[in-house]
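# Descriptive structure summary
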Amino acid sequence: MSDFEDIQRLIRLKQYESPPKDFVDQFMDEFQYRQRSELLRQSAHGLLLERLRMYFDELATPKWALAAAALVIAAIAVWMLVPESRSVGGSSGVTEAKAEGGGDFAIETVRIMVADDPDEDPGLLSEHFEGYEELLVMPTGHGTGIAVPVKHINRVEEKAEQK
Amino acid sequence: MNEQALSSNGDSDRDLVERAQGGDTRAFDELVRKYTPKLYGLVYNMTSNREDTADLLQDIFSKAYRSVRRFMGKSSFYTWIYSIAVNMTLNFLKKRGRYGKVSLDDVDTGIQNDPEFIRITTSGTSTLREVNIHELQKRLNEAMMKLSEDHRTVVTLYDIQGLQHSEISRILGVSEGTVRSRLFYAHRQLQNFLEDFIK
């Protein structure tokens, strides 16, 4: 018998170190308890997820509500953007004009806010009114004024001379 | 473990596994009941501690239960559950190694009536004849715990659990040559640790 065989025989004695009596039954009880707890935990977790999913599904069902919300957002966006596009601010950003319309011209007079800077060139306004090379700004007091196209003034003067 | 026993085990295991995969918890319970004593021997001989063994076995079977749906049947359930047990036990031993060593006051009785034990203790060395069961088991445990974890694993699977080299190779995911090599070095170390008993 070799030395290794002796060692193996000795070590093999450890196979008798078996679980104590009732170990398997107690172990099974504990395992089943843990298994059930885990299943319950999983089902509770699943139930929570399912409820959340249903909640969001229900929230998404009335599509008209989403459409209405989108419409409101769009309206707010338009309301915020449109005044900006209609403003006639120069570089100082203090001049605002509103067309009053009428007559031979698409825009005959424009009421404006006069810039704080007296040196500001009223001619800049022409950049905002296509077709007019130059506007004459006539202050009306209280920081406002009327912008009149120079061409229009010339025509009025010509008519007056003809008369 | 012979091939026929393995094959018949495999058939009944496959049926139980399929039922467990279908959600039959009683089928899985049967697998647990069947493998608890075998895995107890494996884990206990690697940890030398009863409480750790019981806790680890709970974790091993819980993990197996959670993973059983993903078990594809490429290996036998036997190999699969042993792989889980070995890996989890080795991880546990690494953690325990960092936080302190186990005390070796856990010795078992029950071998005194074993014919092999009687034969060894009556015909063995004088040391072996004089030693009592507790002392022998304590020395065996101490010798086992002196081995590296890899060496202890192959000794447990081969010498104590009686698995073949090929089965150990599949469980550990190493070649049979590596298994034989680890066994050789483990036996040589055990020979030194237990020389009093074999001279």
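Going along each chain's sequence as written, the residues are numbered from 1 onward. Starting at A for chains and at 1 for ligands, labels are handed out in the order in which the entities are written. Since the coordinates come from a predicted model, pLDDT governs what is reported: local features require at least 70, and pairs of side-chain atoms require 80 or more to be given and counted, while whole-chain, interface and lining totals use all residues. Heavy atoms from the whole structure form the basis of all side-chain values; hydrogens and water molecules are not counted.

The next point concerns the interface of chain A and chain B. Facing 30 residues of chain A, the contacting portion of chain B comprises 44 residues. Here chain A packs against chain B, burying approximately 3,700 Å² in sum over the two surfaces, 65% of which is carbon and sulfur. Whenever Lys or Arg places a side-chain nitrogen within 4 Å of a carboxyl oxygen from Asp or Glu, that contact is recorded as a salt bridge. For the interface between chain A and chain B, the tally reads two salt bridges. A salt bridge links Asp59(B) to Arg34(A); the nearest nitrogen and oxygen atoms lie 3.1 Å apart. Contacts described as polar in this section are N or O atom pairs within 3.5 Å, which, within protein, must combine one atom able to donate a hydrogen with one able to accept it, while residues neighboring in sequence count only if both atoms come from side chains. Our count for the contact surface shared by chain A and chain B stands at eight residue pairs in polar contact (both at pLDDT 80 or more). For the side of chain A that touches chain B, the elements supplying multiple residues, two or more each, are α1 (3–12) and α2 (23–60) of chain A. A per-element tally of the side of chain A that touches chain B places α2(A) first, with twelve residues. Per-class residue counts for the side of chain A that touches chain B are 15 nonpolar, five polar and ten charged. Residue contacts follow a heavy-atom distance rule, with two residues in contact if any of their heavy atoms lie within 4.5 Å. Values labelled buried area give the accessible surface lost by two parts on being combined, using a 1.4 Å probe and summing over both. Put simply, DSSP H or I for four residues or longer makes a helix, DSSP E for two residues or longer makes a strand, and each gets a number counted from the N terminus. Just so you know the grouping, Ala, Val, Leu, Ile, Met, Phe, Trp, Tyr, Cys and Pro go in nonpolar, Asp, Glu, Lys and Arg go in charged, and all remaining residues, Gly too, go in polar.

For the rest of this paragraph, the subject is unusual backbone geometry. With phi around 70°, Asp22(A) is a residue other than glycine that occupies positive phi space. Examined against the element boundaries, Asp22(A) turns out to sit in the loop between α1 and α2. With a phi angle near 60°, Ser48(B) is a residue other than glycine that sits in the positive phi range. For Ser48(B), a relative accessible area of 1% gives the class buried. Each residue is placed in one exposure class: buried if its accessible area under a 1.4 Å probe, protein chains only, is under 20% of its type's maximum, exposed if it is over 50%, and partly exposed if it falls in between.

All names here are of chain B. Scanning all chains against the criterion turns up six salt bridges over all chains. Salt-bridge contacts for arginine 180 lead to glutamate 176; the nearest nitrogen and oxygen are separated by 3.8 Å. Taken together, the residues arginine 180 and glutamate 176, both in helix α10 (residues 176–193) and four residues apart, mark about one turn of the helix. Taking relative accessible area as the criterion, arginine 180 reaches 46% and is therefore assigned partly exposed. Assessed through its relative accessible area of 35%, glutamate 176 is described here as partly exposed.

Residues three or four positions apart in an α-helix share a direction because the helix packs 3.6 residues into each turn. Residue and element names in this part refer to chain B. Of all the twelve residues making up helix α8 (residues 149–160), nine are buried; the element is thus mostly covered by neighbouring parts of the structure. Looking only at α8, the buried set comprises His151, Arg152, Thr153, Val154, Val155, Thr156, Leu157, Asp159 and Ile160. In the stretch just after α8, glycine 162 is the one whose phi turns positive, near 75°.

Now for the packing of aromatic side chains. Residue and element names in this part refer to chain B. A pair of aromatic rings is counted whenever rings of Phe, Tyr or Trp (Trp by its six-membered ring) have centres within 6.5 Å, and the orientation is called stacked for planes under 30 degrees apart, edge-to-face for over 60 and tilted otherwise. The tally for this structure, following the rule as stated, stands at 14 aromatic pairs over all chains. Seen in terms of ring centroids, tyrosine 40 and tyrosine 44 are 5.8 Å apart; in terms of plane orientation they differ by 10°. Their pairing is stacked. With tyrosine 40 and tyrosine 44 both in helix α2 (residues 25–47) and four residues apart, the pair spans about one turn of that helix. On the accessibility criterion, tyrosine 40 (0% relative accessible area) is buried. Classification of tyrosine 44 by relative accessible area gives buried; the value is 0%. Their ring planes at 85° and their centres at 6.1 Å tell us that phenylalanine 71 and phenylalanine 77 sit as a pair that is edge-to-face. Classification of phenylalanine 71 as buried rests on a relative accessible area of 10%.

A few words on a nonpolar patch on the surface. On the surface, Leu48(A), Leu49(A), Leu52(A), Tyr55(A) and Phe56(A) cluster together to form a nonpolar patch covering roughly 520 Å² of accessible area. Locating Leu52(A) in the fold gives a position in helix α2. Residues form patches when they are more than 30% accessible in relative terms and have no salt bridge. Like charges link within 9 Å. Nonpolar side chains (Val, Leu, Ile, Met, Phe, Trp, Tyr) link within 5 Å. Here the Shrake-Rupley method, with its probe set to 1.4 Å, supplies the accessible areas, and only the displayed protein chains count as covering residues.

All names here are of chain B. The quantity known as pLDDT measures the predictor's confidence residue by residue, on a range of 0 to 100. Per-residue pLDDT for chain B averages 83, and the proportion of residues at 70 or more is 76%. At the low end of the mean pLDDT range in chain B sits helix α6 (residues 126–130), at 61; at the high end sits helix α9 (residues 165–172), at 95. Across residues 103–107 the pLDDT falls below 50, and counting only partners more than four positions away or on other chains, this stretch makes 16 contacts in the model. Taken over the whole predicted complex, pTM reads 0.60, whereas the ipTM for its chain interfaces reads 0.76.

We now examine the packing of α9(B) against α10(B). All names here are of chain B. Note on geometry: axes are lines fitted to C-alpha atoms, helical ones only across the stretch in contact, with angles between N-to-C directions running from 0 to 180 degrees. It is the contact of α9 with α10, at a shortest axis distance of 8 Å, that shows an interaxial angle of 105°. Judged on the interaxial angle alone, α10 and α9 are roughly perpendicular. Between α9 and α10, the contacting residues are His165, Ser166, Ile168, Ser169 and Leu172 on the first element and Glu176, Val179, Arg180, Arg182 and Leu183 on the second. Residue composition of the contact of α9 with α10, by class: four nonpolar, three polar and three charged. Should an angle fall under 35 degrees it is taken as roughly parallel, and over 145 as roughly antiparallel, whereas 65 to 115 is taken as roughly perpendicular and any remaining angle as oblique.

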